[in-house]
Amino acid sequence: MSDRLLSFEAIENFRDYGGYAGAEGLITRGKLFRSGQHARASDGDLEAIADLGIATVVDLRHHNERMKAPSRRPHDWQGRVLESDLGGVGEAPHIRFLMEEDLTADSGRRYMAKAYFGMPYEAGHISLFKAHFEALAAGQGSSLIHCAAGKDRTGLLAALTHKVLGVADDDMMADYLATNTAIRLEERADQFAGWLHRRTGKRVSADAVVAFFGVEPDFIGHAWRAMAQTHGGVPQYLEQVLGIDAAMTTAIRQRLML
C-alpha cells in the first residue's frame, strides 16, 4: 500500500492502481491513478499532478458537486476532463441522505447497499465508464479517475478496470479496501464526525462514521449482485452495457500490460 499511495497536501486517497498481475502480464505502473476530488489542491499538488503526465481525468461527481467544489487543474494542462450531467440534478444522493436521515452504522450500511446496487446502472455512470474504457483502449496516456472521496464511484470503476485487465479478485478487493488505510479511517473517525456535525448539525458515533466513510467487501458485492441479476454477471455487464467486447479488451490489455 505504501508504494501505491501518493502524498499530497490537500488531495485525499491518491493512489496508483496499476502494478497488479493481470491476465496477460503485469499492469504498468504510472498509467492508472485514482483519488478524491481536487477542489482544495494546493499549488504544490498541481505541480505534482503535472509531473504524472495524466492525459485523461474522469470526474465521476454529479453536476452539483462539481459546481460547489470545482476542481483545480495544473497550469497549461493539455489533457481532457470527462464529465456527465446525466441524472445529476440536485444534491448528490449521499449528501441528501446525510442531510435527511440519521446516520447510524445500520442506516449507513443500508444506504451503501442501495447505492452500490444502483450504481452500475445510473445513466451518468454508464456514459463515463464507457468513455473511460474508450480512452484506455485508444492509449491516450495515463488516466485519473476520481469522485468526491475516491472510494465508492471511483472504487467501482477501478474494480471494473481490474476486471477487464484480468486482475485476481483478491488483488482487486485489496485495492478497493485500501481506501480505509489511505484515509486513515479509524484514526480520523472523530475528524469525519466533526465535518458531518458542521455540515448537518448532527452528532454520530464512531461506528456510524466507519460504516459510511469507509468501504467494506459487501459494498461492492452489491454492485456485482446487481450485474448478476440484470445481465448474468460482470463480464456480461461489461460487454452488453459498456460495450467492452473482445477487441476492446485486447486493446486495453496491450496498452496497459508489460
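One can find the structure itself at the top, above this paragraph.
Definitions and cut-offs
- Residues numbered from 1 in each chain as written.
- Predicted model: local features only at pLDDT ≥ 70, side-chain atom pairs only at ≥ 80, totals over all residues.
- Heavy atoms only, no water.
- Pairing = 2+ DSSP bridges.
- Helix = DSSP H or I, 4+ residues; strand = E, 2+ residues; numbered from the N terminus.
- Contact = heavy atoms within 4.5 Å.
- Axes fitted to C-alpha atoms, helices over the stretch in contact; angles between N-to-C directions.
- Core = buried A, V, L, I, M, F, W, Y, C linked by side-chain atoms within 4.5 Å.
- Buried < 20%, exposed > 50% of the residue type's maximum accessible area, 1.4 Å probe, protein only.
- Salt bridge = Lys/Arg side-chain N within 4 Å of Asp/Glu carboxyl O.
- Expected span 1.5 Å × (residues − 1).
- Polar contact = N/O pair within 3.5 Å; in protein donor to acceptor, adjacent residues only side chain to side chain.

A. How the structure looks around the sheet that holds strand β5 (residues 54-59). Spatial strand order, β1-β4-β7-β5-β6: 5 strands in an open sheet with mixed pairing. Among the strands making up the open sheet, the edge pair consists of β1 (15-16) and β6 (80-82). Two strands pair when backbone bridges link them, and β5 and β6 are joined in this way by 3 bridges, in the parallel orientation. Within the sheet, the bridge partner assigned to V58 lies in β6 and is L82. Here helix α6 (residues 153-165) sits on the sheet and contacts β4 (32-35), β5 and β7 (142-146); the angle it forms with β4, its principal contact strand, is near 160 degrees.

B. Here's a closer look at the nonpolar core. Core analysis: the biggest nonpolar cluster contains 62 residues, and F133 and L160 have the highest contact counts within it. Setting aside residues no more than four positions away along its own chain, F133 makes contact with L157, L160, T161, V164, L242, I244, M248 and I252. Counting residues in hydrophobic clusters, the runner-up holds 10 residues, among them I11, F33, I49 and I54.

C. Region of interest: the pattern of salt bridges. Taken as a whole and judged by the stated rule, the model has 16 salt bridges. We note a salt bridge from E65 to R153, for which the minimum N-O separation is 2.8 Å. Of this pair, E65 sits in helix α2 (residues 63-68) while R153 is found in helix α6, placing the two residues 88 residues apart along the sequence. Residue classification places E65 among the buried residues on the basis of a relative accessible area of 11%. D169 serves as the salt-bridge partner of K163, at 3.1 Å between the closest nitrogen and oxygen. Take K163: its relative accessible area is 25%, and that puts it in the partly exposed class.

D. Representation of helix α10 (residues 217-231) within the structure. Here α10 is 15 residues long and its end C-alpha atoms lie 21 Å apart, about the 21 Å a rise of 1.5 Å per residue gives. Looking only at α10, the buried set comprises F219, I220, G221, H222, A223, W224, A226 and M227. The inward-facing, buried residues of α10 abut α4 (105-118), α6, α7 (169-182), α9 (206-213) and α11 (234-240). Trailing α10 by a residue or two, G232 shows a phi angle of about 100 degrees, which is positive.

E. Inspection of the environment of D59 at higher detail. Assignment of secondary structure puts D59 in strand β5. Sequence-wise, D59 and L103 are 44 residues apart; in three dimensions their C-alpha atoms are separated by 27 Å. Here D59 is in contact with R66, S71, R73, V81, L82, E83, L128 and H146, once residues within four sequence places are set aside. Within polar-contact distance, the side chain of D59 engages the side chain of R61 at 2.9 Å.

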